[in-house]
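Residue-level structure breakdown
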Amino acid sequence: MALLPILEFPDPRLRTKAAPVDPAEVTTPGFQTLLDDMFQTMYDAPGIGLAASQVDVHKRFMVIDISEEKNLPQVFINPEITAHDGGQVYQEGCLSVPGIFADVTRADTITVRYLDRQGQSQELTTGGLLAVCIQHEMDHLEGKLFIDYLSPLKREMVRKKLAKQRKHVA
Ligand code: ZN
């Protein structure tokens, strides 16, 4: 397994719209290794979700684990939200926008159809943090970031703060 570099805002590659995964590809060793690498990268960061777009793979899938013990890995391939209900506000962060947190309003419960890592078709109805996380990661596949929900002024503040952080690290 290997740690993958995570793209960071404002990298333009984060704006790429991801293409569907060929279902025949899911069970190949190459794809399975990529999933393992993405889990390792996510746990190491640490984070609770990582979309392929964030590691410069522009295909429609993501890995998620919202458990405290980091022992409930979930893979969503070619996810599609088929139903949603209600609204919730959650303070989100993102491995591609380090150190920034902001309130975002999303659907409270969603039903999502997807392929699991065995390539089997699944349907899940869920709410709370997992619903937030799925919606956040699916945005990445569309080239969208959670800070896009902020006002242009706030987004500009985020960009400046990140530029300053990077300068400090360098
Ligand atoms: Zn993110």
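Small disclaimer: the values here were computed from a predicted structure and weren't measured. Think of each chain on its own: its residues are numbered from 1, step by step along the sequence as written. It should be noted that, the model being predicted, local features are given only for residues of pLDDT at least 70 and side-chain atom pairs only at 80 or more, the latter also being counted only at that level, while totals for whole chains, interfaces and linings use all residues. The basis for every side-chain value is the complete set of non-hydrogen atoms in the structure, without hydrogens or water.

Our next topic: the pattern of salt bridges. Any Lys or Arg side-chain nitrogen found within 4 Å of a carboxyl oxygen on Asp or Glu counts as a salt bridge. Tallying each qualifying case throughout the model produces twelve salt bridges. One salt bridge connects Lys59 with Glu25, and the closest N-O pair in it is separated by 3.0 Å. Of this pair, Lys59 sits in the loop between strand S1 (49–51) and strand S2 (61–64) while Glu25 sits in the segment before helix H1 (29–44), placing them 34 residues apart in sequence. Note on classification: 1.4 Å probe, protein chains only; a residue is buried when its accessible area is under 20% of the maximum for its type, exposed when over 50%, partly exposed between these limits. Accessibility expressed as a relative area gives 24% for Glu25, which makes it partly exposed. A salt bridge links Arg106 to Asp139, with the shortest nitrogen-to-oxygen separation between them at 3.0 Å. Of the two residues, Arg106 sits in strand S5 (residues 102–106) while Asp139 sits in helix H2 (residues 128–141), which places them 33 residues apart along the sequence. Residue Asp139 is classed as buried on the basis of its relative accessible area of 13%. Overlapping salt bridges bring together Asp11, Arg13 and Asp56 as one network. Elements are defined by DSSP. Helices are runs of H or I of four residues or more, strands are runs of E of two residues or more, and each kind is numbered from the N terminus.

Our focus in this paragraph is the environment of Thr109. Examined against the element boundaries, Thr109 turns out to sit in strand S6 (residues 109–115). Given the relative accessible area of 29%, Thr109 is considered partly exposed. Linking Thr109 and Leu129, residues 20 residues apart in sequence, is a C-alpha distance of 9.8 Å. We call two residues contacting when some pair of their heavy atoms lies within 4.5 Å. Look past the residues within four positions of Thr109 in its chain and what remains in contact with it is Ala83, His84, Asp85, Thr126 and Gly127.

UniProt positions are given in the numbering used here, feature names are shortened, and annotations may be inferred rather than shown by experiment. Taking the numbering used here, the UniProt-annotated feature "active site" (unreviewed entry) corresponds to Glu137. Locating Glu137 in the fold gives a position in helix H2. Look past the residues within four positions of Glu137 in its chain and what remains in contact with it is Gly49, Leu50, Ala51, Gln54, Met62 and Ile64.

The next subject is the UniProt feature "binding site: Fe cation" (unreviewed entry) in the protein chain. Within this structure's numbering, the places UniProt gives as "binding site: Fe cation" (unreviewed entry) are Cys94, His136 and His140. For the residues just named, distributed over 47 residues, the greatest C-alpha separation is only 10.3 Å, placing them together at one site. Inspection of the secondary structure assignment puts Cys94 in the loop between strand S4 (88–92) and S5. If we ignore the near neighbours within four places in the chain, the residues touching Cys94 are Gln54, Ile100, His136, His140 and Phe146. Here His140 is to be found in helix H2. His140 sits in the buried class, given a relative accessible area of 1%. Other than its neighbours up to four places away in sequence, His140 contacts Leu14, Thr16, Ala51, Ser53, Gln54, Cys94 and Leu145.

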